[in-house]
Amino acid sequence: MKISKKQKKSIDVTTSYFDINQLELAFINRALESSRRLETPHFIEIGRSRRILRIQKRNLLSMCKGSNKETRKDRLESELRKVLCGERRLSISCFLFR
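Residues numbered from 1 in each chain as written. Predicted model: local features only at pLDDT ≥ 70, side-chain atom pairs only at ≥ 80, totals over all residues. Heavy atoms only, no water.

### Description of the pattern of salt bridges
Opposite charge on two side chains permits pairing when their charged atoms draw close. Within the structure shown, the criterion is met by 5 salt bridges. E33 is paired through a salt bridge with K73; the nearest N and O atoms lie 3.2 Å apart. Here E33 is found in the loop between helix 2 (20-32) and helix 3 (50-66), whereas its partner K73 is found in helix 4 (residues 73-85), with 40 residues between them in sequence. Taking the relative accessible area as the measure of exposure, K73 reaches 40% and is therefore partly exposed. In this structure, the salt-bridge partner of E79 is R88, at a minimum N-O distance of 2.9 Å. (Salt bridge = Lys/Arg side-chain N within 4 Å of Asp/Glu carboxyl O. Helix = DSSP H or I, 4+ residues; strand = E, 2+ residues; numbered from the N terminus. Buried < 20%, exposed > 50% of the residue type's maximum accessible area, 1.4 Å probe, protein only.)

Rendered as structure tokens:
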């Protein structure tokens, strides 16, 4: 996705609401969709076993729901796209375990 210089100046970079579990869930959702498998960035390693990915997804969904985090697939994908194109930044607290 290319953004013109004029658009870059008008983009307000804000902090994403993602935590590490939501970030992983968004990438797993993407990996499970066969048409989007190639869109996973080169710096992300996602397993190939669909069975394992489904188990991870189920576990992440229950963990996120338990802590009242966003779990809807379309919302996570939207936020992930914003992070990957530079509209949103990941907070350092995203990577802290609590």
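### Considerations on the confidence of the model for the protein chain
Residue-level pLDDT values for the protein chain average 81, and 79% of them are 70 or greater. Least confident of the elements in the protein chain is helix 1 (residues 5-10), whose mean pLDDT is 56; most confident is helix 3, at 92. (pLDDT = per-residue confidence, 0-100.)

### Description of the packing of aromatic side chains
In this structure the tally under the stated criterion is 1 aromatic pair. Between the aromatic rings of Y17 and F18, the centroid separation amounts to 5.6 Å while the plane-to-plane angle is 75°, which identifies the pairing as edge-to-face. (Phe/Tyr/Trp six-rings, centres within 6.5 Å; stacked < 30°, edge-to-face > 60°.)

### Section: unusual backbone geometry
With a phi angle near 55°, N68 is a residue other than glycine that sits in the positive phi range. Considering the arrangement of structural elements, one finds N68 in the loop between helix 3 and helix 4.

### Some remarks on the nonpolar core
Formed by 13 residues in total, the largest nonpolar core has its most connected members in F18, L53 and L80. Broken down by secondary-structure element, the contributors of at least two residues to this core are helix 2, helix 3 and helix 4. For this core, the element with the highest residue contribution is helix 2, accounting for 7 residues. (Core = buried A, V, L, I, M, F, W, Y, C linked by side-chain atoms within 4.5 Å.)

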